[in-house]
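The lines below spell out each chain.
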Amino acid sequence: MVWTAAATLVWAGNPGDAVPGVLDLLPTTFDGHVNGGKHVLVEFYAPWCGHCKRMAEDYAQLGERVQSDPRMASLVTVAKVDASAHGDLGQRFGVKGFPTVLYFPRGEKPSLASAETYSGARQVDAFQAFLQSKVEEDVTFAHVEELGDLVHEFLVARNGERRRVMEEMETKVEGLSGKARDYGAVYVRLAKKAVEKGMDYFDKEKERVERMVESGQVGKEQMAKLVEKASVLNAFQISKEEEISASS
């Protein structure tokens, strides 16, 4: 996936000004948005800080680029905190100067240990490349560890046995909770399709989903579902590759 720099806004002003695509976080809202559900980049700034003012336009452009890309918007949040007004938030994450830009990874609760200090250039293209690299690395977010053995069994089962394994998978998912159950439901839907259409369904569906994701021509909600499906398809692909490697 390649982001384009088309139609970036031109904006300058106080780093505390509200801008599209950049969330202004408060102590009461921080944990609701920075909760491991998405990749989050947070600028801790002070309104009087000269470096913050110089970075403001690039950071605003980053927010617009993420907001205008349905795939990235489903996976990434760009935010900022006035750490001079909300010093407790800055202290919580070891902020000692301005601006401090911290990256909080998807899949982890925010903490001093999980926060990564962004040390790249304070320019929109550099911010963009950093976030893109984090998203591309994270292809396993919808993997469900509890289903790993059943996925393997499903892939190596004879045709007549796959339906039984798929039903076991469905029963296993019913006993899960939260996101694991939601993602598990995708596993079951894909397994059912493979039983109906044949095992080459996985490769064909992976190609179809990737084409749709790369096109960028889908809405935010559909994009989130496609990215989720791509991650689950990756779980089946990894298990298939491991089986091939073990038998060779």
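All figures in this text were calculated on a predicted structure; none of them were measured in a lab.

A. Up close: the confidence of the model for the protein chain. Summarising the model, the protein chain shows a mean pLDDT of 89, and 92% of its residues fall at 70 or more. Note that residues 1-12 has pLDDT below 50 and, in this model, 31 contacts with residues that lie over four places away or in other chains.

B. Region of the structure containing the environment of Ala-60. Structurally, Ala-60 can be placed in helix H2 (residues 50-68). Among the residues examined, Ala-60 registers a relative accessible area of 1% and is labelled buried. In the structure, Ala-60 is positioned 46 residues away from Asn-14 in sequence and 11 Å away in space, judged by C-alpha atoms.

C. Spatial organisation of unusual backbone geometry. For the peptide bond that leads from Phe-98 to Pro-99, omega is -10°, which places it in the cis range. In this fold, Pro-99 is placed in the loop between helix H4 (87-92) and strand E4 (100-104).

D. Layout of the sheet that holds strand E5 (residues 116-117). Pairing in this open sheet of five strands is mixed, and the strands run E1-E3-E2-E4-E5 from one edge to the other. One side of each edge strand has no neighbouring strand; the edge strands of this open sheet are strand E1 (23-24) and E5. Strand direction decides the pairing type here: E1 and strand E3 (residues 76-82), joined by two bridges, are parallel. By the bridge assignment, Leu-23 is partnered in E3 with Ala-79. Contacts between helix H5 (residues 124-137) and the sheet are confined to strand E2 (39-45), E3, E4 and E5, with E2 contributing the most and set at about 145° to the helix.

E. Fine view of the pattern of salt bridges. With the rule as written, the count across this model stands at 14 salt bridges. Put simply, Arg-92 and Asp-31 hold a salt bridge, and the shortest N to O gap is 2.9 Å. Taken together, the positions of Arg-92 in helix H4 and Asp-31 in helix H1 (residues 30-33) put the pair 61 residues apart, joining distant regions of the chain. In this structure Arg-92 comes out as partly exposed when scored by relative accessible area, which is 35%. By relative accessible area, Asp-31 is classed as partly exposed at 39%. The shortest N-O distance in the salt bridge between Lys-206 and Glu-210 comes to 2.7 Å. With Lys-206 and Glu-210 both in helix H9 (residues 201-215) and four residues apart, this pair spans about one turn of that helix. A relative accessible area of 28% means that Lys-206 is categorised as partly exposed. We classify Glu-210 as partly exposed; its relative accessible area is 39%.

F. Examining the packing of aromatic side chains more closely. Counted by the stated rule, this structure contains 15 aromatic pairs. For the ring pair Phe-30 and Phe-104, a centre distance of 5.9 Å and an interplane angle of 80° mean the geometry is edge-to-face. Taken as a pair, Phe-30 in helix H1 and Phe-104 in strand E4 lie far apart in primary sequence, 74 residues in all. Relative to Phe-236, the ring of Tyr-187 lies with its centre 5.7 Å away and its plane at 45°, an arrangement referred to as tilted. On the criterion of sequence distance, the pair formed by Tyr-187 in helix H8 (residues 178-197) and Phe-236 in helix H10 (residues 220-247) is long-range, its members being 49 residues apart. With respect to class, Tyr-187 is no different from Phe-236; both count as buried. Put simply, the rings of Tyr-59, Tyr-103, Tyr-118, Phe-127 and Phe-130 pair up and form one aromatic cluster.

G. Representation of the pairing of E2 in the model. Counting buried residues in E2 gives seven out of seven residues, a clear majority hidden from the surface. Residues His-39, Leu-41, Glu-43 and Tyr-45 of E2 are buried on one face, and the alternating residues Val-40, Val-42 and Phe-44, pointing to the opposite face, are buried as well. Direction of pairing for E2 relative to E3: parallel, over a ladder of seven bridges. When the sheet's bridge partners are listed, Phe-44 is paired in E3 with Val-81. Pairing of E2 with E4 involves five bridges; the strand directions are antiparallel. Its bridge partner lying in E4, Val-40 is registered against Phe-104.

H. Looking closely at helix H6 (residues 148-156). Residues of H6 that are buried include every one of Leu-150, Val-151, Phe-154 and Leu-155, and no others. Viewed along the axis of H6, the buried residues span an arc of 135°, placing them on a single side of the element.

About the criteria used
- Residues numbered from 1 in each chain as written.
- Predicted model: local features only at pLDDT ≥ 70, side-chain atom pairs only at ≥ 80, totals over all residues.
- Heavy atoms only, no water.
- pLDDT = per-residue confidence, 0-100.
- Contact = heavy atoms within 4.5 Å.
- Helix = DSSP H or I, 4+ residues; strand = E, 2+ residues; numbered from the N terminus.
- Buried < 20%, exposed > 50% of the residue type's maximum accessible area, 1.4 Å probe, protein only.
- Pairing = 2+ DSSP bridges.
- Axes fitted to C-alpha atoms, helices over the stretch in contact; angles between N-to-C directions.
- Salt bridge = Lys/Arg side-chain N within 4 Å of Asp/Glu carboxyl O.
- Phe/Tyr/Trp six-rings, centres within 6.5 Å; stacked < 30°, edge-to-face > 60°.
- Arc of directions from axis to C-beta.

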